[in-house]
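Residue-level structure breakdown
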Amino acid sequence: MNGANIECWLTDMDGVLVREQEALPGAAELLEQWRRQDLPYLVLTNNSIFTARDLSARLRHSGLVVPEERIWTSALASATFLANQIDPESNAQGSCYVIGEAGLTTAIHAAGFIMTETNPDYVVVGETRNYSFEAITKAVRLINNGARFILTNPDATGPSAEGVLPATGAIASLITKATGREPYVVGKPNPMMFRSALNHLGAHSMETAMIGDRMDTDIVAGMEAGMHTILVMTGLSSRASIADFPFRPNRIIDGVYELLDEPLQGGDEDD
């Protein structure tokens with residue numbers, strides 16, 4: 001597949017459109033180009049803390065206009081996955097014990113699940129600013145009692161002003177060690193997240209491009225989902241690091257400004 005027949009776009013957020021809350025060159029113009037051309041698109045993130053509305057407001061503060069319906073998080077993908085696991089003929093209402101923030105609890109509620117600490121169908125672990133030992137202990141006991149273990153994303157660490165923080169993947173490892181149960185991980189690099197995004201848009205993978213800054217999540221998941229993959233150099237990957245992987249993106253660009261129909265005025269020397 002070449003890039004000429006792209007009718008739909010998926011893009012990662014951090015490292016592609018923004019970096020440290022600052023819009024990257026060409027990001028605002030690319031979003032406007034898609035809007036002007038009426039192209040379906042979604043901005044994806046493995047972060048499950050924030051709702052789509054929250055993220056839309058944060059992006060607006062960075063100078064990027066992304067309506068909340070154009071944002072797809074690992075929390076929304078996880079809620080969609082869970083909803084699809086319930087037998088529609090059973091008339092049963094699924095139940096979850098959730099470790100996470102509003103982005104995850106809101107999505108799971110909207111999918112029709114109830115939150116409970118009593119014999120839930122699922123234990124769902126997502127990102128949170130304050131992992132509670134009490135909550136983790138409860139999750140371990142519920143999983144040992146038969147609840148199925150779901151993880152929004154596998155990221156082991158997250159950034160902070162003081163340095164790295166343990167994140168969802170690290171907490172999941174603790175729970176797995178205590179229970180012997182591996183979680184089902186919905187977010188990147190599982191192509192399930194991309195397929196749920198495509199279904200949300202009503203798009204076909206053969207007509208969709210994925211823009212990302214990481215070979216080990218964005219590009220491999222986009223490739224496995226059958227999409228045209230574009231790697232940008234404004235995030236965590238470098239051209240030298242591409243050789244470390246047994247696969248390649250369809251296209252490598254220095255920044256999303258290379259995807260504009262009309263070049264930015266003044267050049268892009270900053271990146």
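The present account deals with the structure reproduced in this document. (Residues numbered from 1 in each chain as written. Predicted model: local features only at pLDDT ≥ 70, side-chain atom pairs only at ≥ 80, totals over all residues. Heavy atoms only, no water.)

1. Looking at the overall build of the chain
- Secondary structure assignment for the chain yields eight helices and 15 strands.
- Taking the principal axes of its C-alpha atoms as reference, the chain extends roughly 60 × 45 × 40 Å.
- Evaluated residue by residue, the chain yields a buried proportion of 49% over its 271 residues.
- Sequence-distant contacts, at least 24 apart, represent 67% of the contacts inside the chain between residues at least 6 apart. (Helix = DSSP H or I, 4+ residues; strand = E, 2+ residues; numbered from the N terminus. Buried < 20%, exposed > 50% of the residue type's maximum accessible area, 1.4 Å probe, protein only. Contact = heavy atoms within 4.5 Å.)

2. Remarks on the pairing of strand S1 (residues 8-12)
- When you tally the buried positions in S1, you get five out of five residues, the bulk of the element.
- Of the two faces of S1, both are covered, the one formed by Cys 8, Leu 10 and Asp 12 as well as the one formed by Trp 9 and Thr 11.
- Across four bridges, S1 lies against strand S13 (residues 208-212) in parallel orientation. In the strand pairing of S13, Cys 8 is matched with Thr 208.
- Two elements, S1 and strand S4 (residues 41-45), share four bridges in a ladder whose sense is parallel. Bridging across to S4, Trp 9 finds its partner in Tyr 41. (Pairing = 2+ DSSP bridges.)

3. Thoughts on the sheet that holds strand S6 (residues 95-99)
- The five strands lie next to each other as S7-S6-S8-S9-S12, forming an open sheet whose pairing is parallel. In the strand order of this sheet, the two ends are held by strand S7 (114-115) and strand S12 (184-185), each with one partner.

4. A few points about unusual backbone geometry
- Residue Lys 188 is joined to Pro 189 through a cis peptide bond whose omega torsion reads 15°.
- Among the structural elements, Pro 189 can be located in the loop between S12 and helix H7 (191-201).
- Positive phi, close to 55°, is recorded for Glu 20, a residue that is not glycine.
- Among the secondary structure elements, Glu 20 is positioned in the loop between strand S2 (18-19) and strand S3 (22-23).

5. Quick word on the nonpolar core
- Of all hydrophobic cores here, the largest spans 30 residues; its most connected members are Trp 9, Trp 34 and Ile 211.
- Looking at this core, the elements that each hand over two or more residues are helix H1 (27-36), S4, helix H2 (52-61), S13 and strand S14 (228-232).
- Looking at this core element by element, the count peaks at four residues for H1.
- Not counting the four nearest positions on each side in its chain, Ile 211 is found in contact with Trp 9, Leu 10, Thr 11, Asp 12, Val 16, Leu 30, Trp 34, Ile 230, Val 232, Val 256 and Leu 259.
- Counting 27 residues, the second-largest nonpolar core is a separate cluster that includes Leu 42, Leu 44, Leu 104 and Ala 197. (Core = buried A, V, L, I, M, F, W, Y, C linked by side-chain atoms within 4.5 Å.)

6. Let's talk about the sheet that holds strand S5 (residues 71-73)
- Strand order across the open sheet formed by six strands is S5-S4-S1-S13-S14-S15, with parallel pairing between neighbours. Only two strands of the sheet have a single neighbouring strand rather than two, namely S5 and strand S15 (251-253). Across the sheet, the axes of successive neighbouring strands diverge by a mean angle of 25°, strand direction being ignored.
- Those strands touched by helix H3 (residues 74-85) are S4 and S5, and its axis lies near 70° from that of S5.
- Strands in contact with helix H8 (residues 215-224) are S1, S13 and S14; relative to S14, the strand with the most contacts, it is inclined by about 165°. (Axes fitted to C-alpha atoms, helices over the stretch in contact; angles between N-to-C directions.)

7. Observations regarding the pattern of salt bridges
- In this structure the tally under the stated criterion is eight salt bridges.
- The salt bridge involving Arg 35 is made with Glu 32; its shortest N-O contact spans 2.6 Å. Here Arg 35 and its partner Glu 32 are both found in helix H1, three residues apart, which amounts to about one turn of the helix.
- A relative accessible area of 54% places Arg 35 in the exposed class. (Salt bridge = Lys/Arg side-chain N within 4 Å of Asp/Glu carboxyl O.)

8. Quick notes on the packing of H7 against H8
- Between H7 and H8, the shortest axis-to-axis distance is 8 Å and the interhelical angle comes to 65°. H7 and H8 meet at a crossing whose hand is right-handed. Here Pro 191, Phe 194 and Arg 195 of H7 come into contact with H8, specifically with Asp 218, Ala 221, Gly 222 and Glu 224.
- Classifying every residue of the contact of H7 with H8 gives three nonpolar, one polar and three charged. (Left-handed = near helix turned anticlockwise from the far one by under 90°. Nonpolar A, V, L, I, M, F, W, Y, C, P; charged D, E, K, R; others polar.)

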